[in-house]
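Spelled out from the first residue to the last, the chains are:
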Amino acid sequence: ALHPAPAFVAAKPVMGITMALLFGIMHREILMDITDEVADRNSGVKTIPVRWGPMAAAKTALALVTVMSAVSVTGAVGPILAAGWNFGEAGPRALV
């Protein structure tokens, strides 16, 4: 049987997933800004590639995806494992 975790432990994975999504979406948007750099520059939009160049934008996107990976592992999975939240003898497939 599924052993419920306390509310504060159950909230940590949700925050971890939310933060991972935030960093992942920002990563994607910066990469899309790199492809739109010329149009953004011509229309006066101040994006990261326009202000600091495409290489700085690519490095920023790399940093964001790295943080996203770390947060998704430690923020989403870590608290569940640390709390000892297990699925009993049947395993997680019993929930499906």
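Residues numbered from 1 in each chain as written. Predicted model: local features only at pLDDT ≥ 70, side-chain atom pairs only at ≥ 80, totals over all residues. Heavy atoms only, no water.

(A) The overall build of the protein, seen in detail. A tally of regular secondary structure across the protein gives four helices and zero strands. Beginning at the N terminus, the succession of helices and strands in the protein can be written as α-α-α-α. When burial is assessed residue by residue, the protein has 23% of its 96 residues classed as buried. Of the contacts made within the protein by residues no fewer than 6 positions apart, 69% connect residues no fewer than 24 positions apart. As presented, the protein carries roughly 6,600 Å² of accessible surface, and 70% of it is formed by carbon and sulfur atoms. (Helix = DSSP H or I, 4+ residues; strand = E, 2+ residues; numbered from the N terminus. Buried < 20%, exposed > 50% of the residue type's maximum accessible area, 1.4 Å probe, protein only. Contact = heavy atoms within 4.5 Å. Areas by Shrake-Rupley, 256 points an atom, 1.4 Å probe, with all protein chains shown as cover.)

(B) Region of the structure containing the side chain of Glu37. In this fold, Glu37 is placed in helix H2 (residues 37–43). Under the relative-accessibility criterion, Glu37 is labelled buried at 15%. Of note is the side chain of Glu37, whose polar atom sits 2.6 Å from the side chain of Arg41. Once residues within four sequence positions are removed from consideration, Glu37 is found in contact with Pro49, Val50 and Pro54. (Polar contact = N/O pair within 3.5 Å; in protein donor to acceptor, adjacent residues only side chain to side chain.)

(C) Geometry of the confidence of the model for the protein. Per-residue confidence for the protein gives a mean pLDDT of 79, with 64% of residues at or over 70. Least confident of the elements in the protein is helix H4 (residues 54–82), whose mean pLDDT is 82; most confident is helix H3 (residues 48–52), at 96. (pLDDT = per-residue confidence, 0-100.)

(D) Just the environment of Val50, in detail. Residue position: Val50 is located in helix H3. Val50 sits 17 residues away from Asp33 along the chain, and the two C-alpha atoms are 8.7 Å apart. Once you skip the residues sitting within four places of it in the chain, Val50 turns out to touch Glu37, Asp40, Arg41 and Val45.

(E) Main features of the pattern of salt bridges. Per the counting criterion, the structure on display carries two salt bridges. Ionic pairing is found between Glu29 and Arg28, a salt bridge with its closest N-O pair at 3.0 Å. The salt bridge partner of Arg41 is Glu37, with a shortest N-O separation of 2.6 Å. One end of the pair, Arg41, and the other, Glu37, are both in helix H2, four residues apart, so they sit about a helical turn from each other. (Salt bridge = Lys/Arg side-chain N within 4 Å of Asp/Glu carboxyl O.)

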